[in-house]
Structures are given as C-alpha cells and as structure tokens.
Amino acid sequence: MLIFGMGYTASRLADHLRDKGWRVTGTRREATKGTIAFDDESSVLTALSNATHILSSVPPARDGSEPVLDKYGSAIAGADLQWSGYLSSTGVYGDTGGAWVDESAPIGTGRRKARSEADTLWQQLRRDMCVFRLPGIYGPGRNPLERVRAGKAKRINVPGQLFSRIHVDDIISAVVASIKGPAGVFNITDDLPAAQHEVLAYAARLLGIETPPLISLEEANLSKVAMGFYEENRKVSNGKAKRVMNWQPQYKDYKIGLSELLD
C-alpha cells in the first residue's frame, strides 16, 4: 500500500495494515522514518511502481488545487494496481436543510467546492477507485473528551442542526472491507447524527465535570472558517456501505465511541 498523506487517519490505517502483514509506504511533506517526501518524485514514482494498492488522504490545497493529482495523477491513472482509494468529505453535499443525504445526491453546492471537484476527479481517474466521504472524525487523542477536559469546548445551540461523525477505526474497517469489494462512492458515517452541543454534554457527563454552558452562535465568536461549519445542516446515510461492502460501524453512535475512548 502506498498512502499519500500520512495524517491522523492514514497513520492509524498504516499501523493496522502493517499489523496484518502489509508493507506500507507513505508520503509526508518531509521524509521521516517509514515515509518519503511528497516532492521526492523519483522515490514516489518508485513506490507507486511497486504498489498494488494506493490511497490518498490529501485534501485540496488552499488555492483549490489538488496536489496529488497535479503531480502524480497521470502516473496513478496508468499504474498496475489492484485497488485505489481517496478519502473525501461529506461536506461535498452542502446544506440539505437537515434532510438525509446519500451518495446519489448532487455535490458541489456547499462551501467545499474544491473538495467536490477533487472528489469528482478521483472518481474519474480509475475504474477501481473507491471514494470514501467522511464526516467529522474522532478517535484516540482527537475527540470531544479532550476538548471538554481542556476547557476549550463551546456548546453552541443552533436549533434543529445535526451533524454526522465517524470513529477513526470505523474508517479503517471500511477501507479494509472495500479492498475486496466493488469500486464506487461510499458515505462512511455512524448511525446517529446528533447536535454538537449534545455530544459535548455527554462528554462532560462521562468525565464527571460541569457541562459547558449552552451559548448562541453569536456569543461563540467563531472564525469565518468555523462559522461555515454551522451554516450547513444534513444527516448522512451509510446504507450503501452496509449493503455493498457488508460493513458495519463498530461505534454506531457517539455515546459508544466516547465511552470506549474514556475507558
């Protein structure tokens, strides 16, 4: 497996695959032990020529460009691979007014236009491509428990607004399940979209500390980027992944996931 972008999720995937006997190479901005520099074209192309499977977890750049496709797209398209994948975002669906959305819905209407364009380009790159659309990711070291414990959590009340989320280990199990399944686009989410303030309140109860106060969006004084998060409202269906890949999330809702992380 060659993984472009050894970030939080991809690094955990690499560890899992290595435990199962896979040989995994990844890229970072600068080479580290077990990875190669993204701009080291010779080393990356050599790794690609040796790979049977590739995955990109690299998001679009700030200028909207797609770094991996811009530099290595033609080589990936022509590579002799058994499987290819791309970690995308459910943000491609934009705002649905709180309605359920599945993979048949149009994309590109929301704030994540560059991500929507990248999503489409990766789909078109190879016939064996699996595109995983992911909501908010949480897991060890990166979760609401950490924010509540650190006193950095803001419980913001936007009536009727729900978000989907996914435990990082459920992303890993979905990627593994897809390797022996058909190509396509899959929403990888848990089963229970929930309000952000409900999740933080539950985290506080688990920790046995005072629940952060509920505040309005105006009182939160958020950055423009963070404010965009609250301008969209949708519930994301994972039914296709369950049907087609025979995948089930181990952490079906945030309560199971947070309780496990606390333990």
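Please refer to the structure higher up on the page.
Description of the structure in this document.

Cut-offs used in this document
Residues numbered from 1 in each chain as written. Predicted model: local features only at pLDDT ≥ 70, side-chain atom pairs only at ≥ 80, totals over all residues. Heavy atoms only, no water. Pairing = 2+ DSSP bridges. Helix = DSSP H or I, 4+ residues; strand = E, 2+ residues; numbered from the N terminus. Axes fitted to C-alpha atoms, helices over the stretch in contact; angles between N-to-C directions. Contact = heavy atoms within 4.5 Å. Core = buried A, V, L, I, M, F, W, Y, C linked by side-chain atoms within 4.5 Å. Buried < 20%, exposed > 50% of the residue type's maximum accessible area, 1.4 Å probe, protein only. Parallel < 35°, antiparallel > 145°, perpendicular 65-115°, else oblique. Left-handed = near helix turned anticlockwise from the far one by under 90°. Polar contact = N/O pair within 3.5 Å; in protein donor to acceptor, adjacent residues only side chain to side chain. Phe/Tyr/Trp six-rings, centres within 6.5 Å; stacked < 30°, edge-to-face > 60°. Lys NZ or Arg CZ within 6 Å of the ring centre and 35° of its normal.

## Digging into the sheet that holds strand E7 (residues 129–134)
Logical step 1: Pairing is parallel across the open sheet formed by seven strands, whose spatial order is E3-E2-E1-E4-E5-E7-E11. Looking at which strands have only one partner, the edges of the open sheet turn out to be strand E3 (35–37) and strand E11 (184–187). For this sheet, the mean inter-axis angle between neighbouring strands, taken without regard to orientation, is 20°.
Logical step 2: Lying over the sheet, helix H1 (residues 8–19) contacts strand E1 (2–4), strand E2 (25–28), strand E4 (53–56) and strand E5 (83–89), oriented at roughly 170° with respect to E1.
Logical step 3: Packed on one face of the sheet, helix H6 (residues 168–179) meets E4, E5 and E7 and runs near 160° to E7.

## A look at the nonpolar core
Logical step 1: Core analysis: the largest hydrophobic core is formed by 25 residues, its most contacted members being Met1, Ile3, Trp83, Phe132 and Ile188.
Logical step 2: Listed by contribution, the elements that provide at least two residues to this core are H1, E5, E7, H6 and helix H10 (239–245).
Logical step 3: With five residues, the top contributor of residues to this core is H6.
Logical step 4: Contact partners of phenylalanine 132, with chain neighbours within four places excluded, come to Trp83, Gly85, Tyr86, Leu87, Ser88, Ser89, Ala174, Val175, Ser178, Phe186 and Ile188.
Logical step 5: By size, the runner-up hydrophobic cluster in this structure holds 22 residues, among which are Leu2, Val44, Ala47 and Val131.

## Overview of the packing of H1 against H6
Logical step 1: Two elements in contact, H1 and H6, have axes whose closest approach is 10 Å; the angle formed by their N-to-C orientations is 60°. Compared by their axis directions, H1 and H6 come out oblique. In terms of crossing hand, the pair formed by H1 and H6 is right-handed. Contact residues: H1 offers Tyr8, Thr9, Arg12, Leu13, His16 and Leu17, while H6 offers Val168, Asp169, Ile171, Ile172, Val175 and Val176.

## Things to note about the side chain of aspartate 119
Logical step 1: By the secondary structure assignment, aspartate 119 is in helix H4 (residues 113–125).
Logical step 2: The class of aspartate 119 is buried, set by a relative accessible area of 0%.
Logical step 3: Of the polar contacts made by the side chain of aspartate 119, one reaches the side chain of arginine 133; its length is 2.9 Å.
Logical step 4: Filtering out sequence-adjacent residues up to four positions away, aspartate 119 remains in contact with Tyr86, Ser88, Val92, Ile107, Val131 and Arg133.

## With respect to the packing of aromatic side chains
Logical step 1: Evaluation of the coordinates by the stated rule reveals seven aromatic pairs.
Logical step 2: Consider the rings of tyrosine 202 and tyrosine 254, whose centres lie 5.8 Å apart with planes at 80°: the pair is edge-to-face. Remark: tyrosine 254 occurs in helix H11 (residues 254–262) and tyrosine 202 occurs in helix H7 (residues 196–207); sequence separation between them is 52 residues. No difference in accessibility class separates tyrosine 202 from tyrosine 254, as the two residues are buried.
Logical step 3: Taken together, the ring pairs in this structure connect Phe4, Phe38 and Tyr72 into an aromatic cluster.
Logical step 4: One cation-aromatic arrangement involves lysine 240 over phenylalanine 186; the distance from NZ or CZ to the ring centre is 5.0 Å.

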